[in-house]
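# A structural walkthrough
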Amino acid sequence: MTAPPAVGLGVTLSVLAESETASAAQVVPSSPVGDHTSIEDVLAFARRCDVVTFDHEHVPPEVIAAVQDAGVRVEPSPDALLHAQDKLVMRRRLTALGIPCPDWAHVTSRADLEAFGRRVGWPLVLKTPRGGYDGKGVRVVTGLDDARDWLEAVEAVEAAGAGGTDGEHGTTMADGLLAEAMVGFTRELAVLVARSPSGQAAVWPVVETVQTDGICTEVLAPAPDLDPELASRASESALRIAGELGVTGVMAVELFETRDGDGRPAYLVNELAMRPHNSGHWTIDGSVTSQFEQHLRAVLDLPLGSTRSRARWTVMGNVLGGDYPELYATYRHLMARDPAMKFHLYGKDVRPGRKIGHVDVSGDDLDDLRARARHACDYLQGVITE
Ligand code: ADP
């Protein structure tokens, strides 16, 4: 999705692709295949670039450091990016900055978890600090038994004095686990900001992210009925985090909307993503500047584009892989039914539950837009046939 704005800006984009059939490799002519965890592969790629950036957070810090040491500009910097790669690092830093976060603790033993559970109550949320996505590496635990395998893995790592993975998702537990109090949120929100190396920053309207089984299925832009004061406080926090961490490019700040002790709207920061993010896909069609164009502008230290919305509401619906692989065959029906709907399919292999595309639709009637986006996603997924 970065390719179209790169073409528009006349920027030569090159992608280190995990395979010849990867989504980006299908549309970016210069897409050498390589392993993003291999210093050798990433260095060979980076040496041909003026500036290197990321579309996911799984490039190991030591690989990024090697690119920097070779004299190639990396944006965002490895120091900033670490806050999106490691949830413990992020919690420590945000807490030090006074940004509202769920109550949390660093857990390296059963005793740590037991003590935290006694303090905040069960159930609580346990997370692997690194490598999680779409809810993988996040577990609601009602007691120590629910966490037995993760705690054993952590204690084994502690005993061996080395890093390790849980094998299932490749999530590293080298530094223990992050435990968080279970937040009774009213809904999930996200703020998207962009910052350039010169320090110019821009923020899009706060959006609502609707989750189903731990996966974002719908984004409403702007978040309906959001308290304006909460919106400006959350936006200010996101801009402040970007500035304090020295972020370059797009950063998404995922939030929980809550109520304070007096019943007033409040928020807690869940996590950070330092790249164009699913909560910002609506900007492709709903904003004057898309997050992908903005990321390029920021990384290249060009003036940032307007984040003004093109319509009162934009609804983004994620298309998840289902049993129905004939995606393009559905276009005839959907495009005829709803000429204002915008489709974005990523050319990914269809696997159940995998995000394989999204639709955007903008207008004045939020309920109508939600129904149309839901219909299109269900039809694309083969859930309905009309
Ligand atoms: P991931 O890195 O997989 O996106 P998150 O940390 O965002 O993981 O957690 C995934 C989902 O789990 C969140 O969107 C939210 O619905 C739920 N969740 C995470 N942390 C908490 C918490 N402290 N309290 C309640 N729910 C949580």
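As a starting point, this report considers the structure included with it.

Another aspect to go through is the sheet that holds strand S6 (residues 177-181). Paired through their backbone hydrogen bonds, the strands of a sheet run either parallel or antiparallel. With antiparallel pairing, four strands are arranged side by side in an open sheet as S3-S6-S4-S5. Only two strands of the sheet have a single partner each, and these edge strands are strand S3 (104-107) and strand S5 (138-141). In this sheet, adjacent strand axes meet at a mean angle of 25 degrees when their direction is disregarded. Bridge count between S3 and S6: four bridges; the pairing is antiparallel. Along S6, the bridge assignment pairs Trp104 with Glu180. Here helix H6 (residues 87-96) sits on the sheet in contact with S3, strand S4 (124-127), S5 and S6, set at roughly 140 degrees to S3.

All right, on to the pairing of strand S13 (residues 313-320) then. Along a regular strand, successive side chains alternate from one face of the sheet to the other. In terms of burial, S13 is a largely internal element, eight of the eight residues being buried. Burial of the side chains of S13 extends over both faces: Trp313, Val315, Gly317 and Val319 are buried on one face and Thr314, Met316, Asn318 and Leu320 on the other. Relative to S13, strand S10 (residues 215-221) is paired through four bridges, and the arrangement is antiparallel. Within the sheet, the bridge partner assigned to Val219 lies in S13 and is Met316. Pairing analysis gives eight bridges linking S13 to strand S15 (residues 355-363), with the strands arranged antiparallel. Paired with Trp313 across the bridge in S15 is Gly363.

Rules behind the numbers
Residues numbered from 1 in each chain as written. Predicted model: local features only at pLDDT ≥ 70, side-chain atom pairs only at ≥ 80, totals over all residues. Heavy atoms only, no water. Pairing = 2+ DSSP bridges. Helix = DSSP H or I, 4+ residues; strand = E, 2+ residues; numbered from the N terminus. Axes fitted to C-alpha atoms, helices over the stretch in contact; angles between N-to-C directions. Contact = heavy atoms within 4.5 Å. Buried < 20%, exposed > 50% of the residue type's maximum accessible area, 1.4 Å probe, protein only.

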